[in-house]
Structures are given as structure tokens and as C-alpha cells.
Amino acid sequence: MLRKDPDEKKDQYFMELALQQAKVAATLGDIPVGAVLVHQDNSITLGHNQKEILNDPTAHAEIITIRKAAEQIRTWRLINTTLYVTLEPCCMCIGAIIQARITRLVFGAADPKSGACGSLMNIPHERRLNHHVMVTQGILEQPCGEILTSFFQYRR
């Protein structure tokens with residue numbers, strides 16, 4: 001008999017919040033990626049891609065969300081938190097996740113072109129790093145991927 005992960009419903013709930021943020025990004029003309037940072041089953045901050053809006057190549061959903069959280073709780077150490085993001089983080093974003101000491105990363109769709117958590121490279125599994133992030137992938141993978149596919153089809 002298959003056992004369900006007890007966190008699966010919780011993961012789906014928070015990924016839905018991240019998907020809502022991705023939709024906000026799309027309505028603003030940015031690549032639809034959303035993120036939610038959670039501590040003790042409560043969302044701390046929400047964010048979405050703002051590269052186009054801010055003309056900032058570092059304004060990815062993960063970076064925006066991490067910055068907001070660090071400012072809000074007044075520490076860069078985001079220990080015992082989980083970051084939910086609709087798309088597999090790139091090398092810049094997983095680097096920031098590691099630097100922020102985020103405990104767990106949950107992402108929806110894989111990114112074969114720039115994903116750094118298993119697709120193109122696997123930075124979280126690099127043993128030489130001083131902090132390690134637990135990674136769960138594929139939560140609401142289909143809707144997370146579809147919003148990106150639809151966005152790029154519309155833009156072409």
C-alpha cells in the first residue's frame with residue numbers, strides 16, 4: 001500500500017499561494033514565477049518575478065521573497081523555514097537560499113534550461129557547501145508548468 005506524505009496537503013496549499021503570485025507576475029508582464037516563504041505553517045512573505053518591472057536581473061521571485069522576509073524578521077538567517085516556488089531555482093536563487101539558511105525548498109516545475117536543483121546542475125547536493133537544503137520537487141508540477149507555457153505561447 002502506498003503511503004501519502006503527511007506534508008503533501010500542506011505543500012499543495014502553499015504551492016497554490018505561490019501560483020497566485022505567479023499569476024500576479026504574468027498580469028504585470030513578467031515571467032510567471034511565484035514564491036512563498038513559510039515558518040511554522042504560516043506564510044511569512046510572498047513574492048513574484050519583477051525582473052521586467054524593476055529592470056533588475058536579480059529580481060527573481062525567490063530573491064524578492066527572501067529579501068522581504070529578512071527585512072521583516074530582521075535577520076538574514078531564515079532558519080526553520082520552507083520556500084515554495086513554482087519553478088526550479090536557478091544557480092543565483094539556490095545560492096541565495098543556501099546563504100539564507102533556508103531549511104527546505106519545495107518547487108513545482110523543473111527548469112531544464114537553467115534549473116540548479118537537479119535539472120541542469122544539482123547545487124543543493126553539493127557536499128562541500130556549509131549549509132544543505134532539503135528539496136522536494138514536483139508539487140503541483142502540471143499547473144506550475146502550464147502557466148509558464150501559456151505565458152510564453154502568448155508572448156510569441
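Structure: see above.
The following refers to the structure shown. (Residues numbered from 1 in each chain as written. Predicted model: local features only at pLDDT ≥ 70, side-chain atom pairs only at ≥ 80, totals over all residues. Heavy atoms only, no water.)

Take the sheet that holds strand E2 (residues 42–48) next. The strand order E2-E1-E3-E4-E5 describes an open sheet built from 5 strands, whose pairing is mixed. Sheet topology places E2 and strand E5 (134–137) at the edges, where each strand pairs with a single neighbour. Each strand of the sheet is rotated relative to its neighbour by a mean of 15 degrees, with strand direction disregarded. One ladder, built from 5 bridges, connects strand E3 (residues 81–87) with strand E4 (residues 104–109); its direction is parallel. Bridge assignment links Thr82 to a residue of E4, and that residue is Arg104. Together, strand E1 (34–39), E2 and E3 form the strand contacts of helix H3 (residues 61–73), whose direction differs from that of E2 by roughly 135 degrees. Helix H5 (residues 141–155) contacts E3 and E4 of the sheet and is inclined by roughly 60 degrees relative to E4. (Pairing = 2+ DSSP bridges. Helix = DSSP H or I, 4+ residues; strand = E, 2+ residues; numbered from the N terminus. Axes fitted to C-alpha atoms, helices over the stretch in contact; angles between N-to-C directions. Contact = heavy atoms within 4.5 Å.)

Attention now goes to the layout of surface pockets. The calculated volume of the largest pocket comes to roughly 490 Å³. Lining the largest pocket we find 22 residues, and of these Ile31, Leu87, Asp111, Leu148 and Phe152 sit closest to its centre. Among the elements that make up the lining of the largest pocket, the one with the highest residue count is H5 (5 residues). Considered class by class, the residues forming the lining of the largest pocket number 10 nonpolar, 6 polar and 6 charged. (1 Å grid on protein atoms, 1.4 Å probe; cavity = no way out; pocket = protein on both sides within 12 Å on 5 of 7 lines; lining within 4 Å. Points joined across faces, edges and corners; volume = space filled by probe spheres on them. Nonpolar A, V, L, I, M, F, W, Y, C, P; charged D, E, K, R; others polar.)

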